[in-house]
Amino acid sequence: MADSFQNGVRRAGRILAAGLCGSLCFALLFMAVAVFVQALAVLVIALLSAVLFLPHPLKWYARQAGEAAGVFFDAVMESFDSGRRQEASEKVASENTSGPGEERAASYGASSGA
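Residues numbered from 1 in each chain as written. Predicted model: local features only at pLDDT ≥ 70, side-chain atom pairs only at ≥ 80, totals over all residues. Heavy atoms only, no water.

Participant: Account for the overall build of the protein, with residues named and values stated.
Facilitator: For the protein, the helix and strand inventory stands at three helices and zero strands. Walking the protein from its N terminus toward its C terminus, one meets helices and strands in the order α-α-α. Taken over 114 residues, the protein has a buried fraction of 0%. For the protein, the exposed surface amounts to about 10,100 Å²; the carbon and sulfur share of it is 69%. (Helix = DSSP H or I, 4+ residues; strand = E, 2+ residues; numbered from the N terminus. Buried < 20%, exposed > 50% of the residue type's maximum accessible area, 1.4 Å probe, protein only. Areas by Shrake-Rupley, 256 points an atom, 1.4 Å probe, with all protein chains shown as cover.)

So this is what it looks like as structure tokens:
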């Protein structure tokens, strides 16, 4: 009888532990949903305040952002192109200066202003 009593106590303890874990899981789930709803509420309030209190319409800000992104993209592409141009001009210059030493010295003297 003592053995069955201990088994009953263990079973009750496991049931209580499983119930506690389940209730904690539900609490975490509801807290996560509450945080998500709060984040959405903050987003809605921010959008409403932007629409009501900004001095320009939203289209103007979208246009400005598009222009800024275009300028940035053009600058990045131009930096890549100038690097390629510089490499190409160095390659052409190295191919042109492959003559005898006297010609190099003469061209150096002419280019340095001597």
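Participant: For the packing of aromatic side chains, give the residues involved together with the corresponding values.
Facilitator: Taken as a whole, this structure holds two aromatic pairs when the rule is applied. Here Phe26 and Phe30 contribute two aromatic rings whose centre-to-centre distance is 6.4 Å and whose plane-to-plane angle is 25°, an arrangement assigned as stacked. Taken as a pair, Phe26 and Phe30 lie in helix 1 (residues 2-53) at a separation of four residues, close to a single helical turn. Phe30 gets classed as exposed once you look at its relative accessible area, which sits at 56%. (Phe/Tyr/Trp six-rings, centres within 6.5 Å; stacked < 30°, edge-to-face > 60°.)

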